[in-house]
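Analysis of the macromolecular model
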Amino acid sequence: MRGCEGWQTPSVRVYLGSDHAGFELKSYLIRRLTSLGHETVDVGPAEFDPDDDYPQYCVETARQVVGDPGSLGVVLGGSGNGEQIAANKVAGCRAALAWTPEIAALARKHNDAQVVSVGARMHSEPDAAAIVETFLDTPFSGDPRHARRIAQIAEYEGTGRLG
């Protein structure tokens, strides 16, 4: 994590997508992450529309992340639940709903999640930023048991069968 024993993750390309409920938080996070040296890509929407739907933005965020190894993503909506579900429909994407920095760190350490979902109506901007920054700053542990489990999920995704 940032400031933890002087260690800091190098900048990363971060794709961000939201719906109307997450639109303001997405704008805030883009400014914040850019100021921290990350390359941000706004997947949309480009302007506020109170009647838009999250699937197109969350699926596209996940598609971009899967197609850009080493990048990470953030999807935002009212609760983060539907946004996580939509992102997880993209083959190869592991999206995690995080409601604390600790959960965000575990999503990276244990699950090698590439996308974090945050509920914009559930968190203040600083609290949401702490969740997202922890997610970006935490590497996958590489622990063999976690890698084995991720491989099992990928196998099921590709074949419809487990081991």
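So, a few notes on the structure that sits alongside this text. Just so we're clear, the structure is a prediction, and the values are computed from it rather than from any experiment.

Overview of the nonpolar core
Leu-29, Val-74, Val-116, Val-132, Phe-135 and Leu-136 are the most contacted members of the largest nonpolar core, which totals 25 residues. Secondary-structure elements contributing two or more residues to this core are strand E1 (13-18), helix H1 (23-35), strand E3 (72-77), helix H4 (101-111), strand E5 (115-119) and helix H5 (125-137). For this core, the leading source of residues is H5, giving 6 residues. Every residue in contact with Leu-29, bar those within four places of it in the chain, is listed here: Leu-16, Thr-34, Val-74, Leu-76, Ala-129 and Val-132. Listed in part, the 12 residues of the second largest apolar core include Val-65, Ala-87, Ala-95 and Val-115.

Some points on H5
Here H5 spans 18 Å end to end across 13 residues, near enough to the 18 Å set by a 1.5 Å rise per residue. Turning to H5, its buried residues number three or more, namely Ala-128, Ala-129, Ile-131, Val-132, Glu-133, Thr-134, Phe-135, Leu-136 and Asp-137. On its buried face, H5 sits against E1, H1, E3, H4 and E5. Its side-chain oxygen 3.2 Å from the backbone nitrogen of Asp-127, Ser-124 forms the N-cap of H5.

Quick look at the pattern of salt bridges
Within this structure, the stated rule accounts for 8 salt bridges. With its nearest N and O atoms 3.1 Å apart, the salt bridge here joins Glu-39 to Arg-13. Of the two residues, Glu-39 is situated in strand E2 (residues 39-44) and Arg-13 in strand E1; the sequence distance between them amounts to 26 residues. Three or more residues joined by partner-sharing salt bridges are found here, namely Arg-13, Glu-39 and Asp-68.

Description of the pairing of E1
The buried fraction of E1 amounts to 5 of the 6 residues, a majority that puts the element mostly inside the structure. Across 5 bridges, the pairing between E1 and E2 is parallel. Residue Val-14 lies in a different strand from E2, and its bridge partner there is Thr-40. Considered for its hand, the β-α-β crossover made up of E1, H1 and E2 is right-handed. By the bridge criterion, 5 bridges tie E1 to E3 in an arrangement that is parallel. From the neighbouring strand, Tyr-15 faces E3, where its bridge partner is Gly-73.

Re the side chain of Thr-138
Mapped onto the elements of the fold, Thr-138 is located in the loop between H5 and helix H6 (144-159). Among the residues examined, Thr-138 registers a relative accessible area of 5% and is labelled buried. A polar side-chain atom of Thr-138 sits 2.6 Å from the main-chain carbonyl oxygen of Thr-134.

Description of the sheet that holds E1
To summarise the sheet geometry, strands pair through backbone hydrogen bonds and adopt either a parallel or an antiparallel arrangement. If you trace the 5 strands from one edge of the open sheet to the other, you get E2-E1-E3-E5-E4, paired in parallel fashion. In this open sheet, the two edge strands, each paired with only one partner strand, are E2 and strand E4 (95-97). Across the sheet, the mean angle separating the axes of adjacent strands is 25 degrees when strand polarity is ignored. Of the strands in this sheet, E1, E3 and E5 are in contact with H5, which crosses E5 at around 170 degrees.

Thresholds applied
Residues numbered from 1 in each chain as written. Predicted model: local features only at pLDDT ≥ 70, side-chain atom pairs only at ≥ 80, totals over all residues. Heavy atoms only, no water. Core = buried A, V, L, I, M, F, W, Y, C linked by side-chain atoms within 4.5 Å. Buried < 20%, exposed > 50% of the residue type's maximum accessible area, 1.4 Å probe, protein only. Helix = DSSP H or I, 4+ residues; strand = E, 2+ residues; numbered from the N terminus. Contact = heavy atoms within 4.5 Å. Expected span 1.5 Å × (residues − 1). Polar contact = N/O pair within 3.5 Å; in protein donor to acceptor, adjacent residues only side chain to side chain. Salt bridge = Lys/Arg side-chain N within 4 Å of Asp/Glu carboxyl O. Pairing = 2+ DSSP bridges. Right-handed = clockwise from strand over helix to strand, strands pointing away. Axes fitted to C-alpha atoms, helices over the stretch in contact; angles between N-to-C directions.

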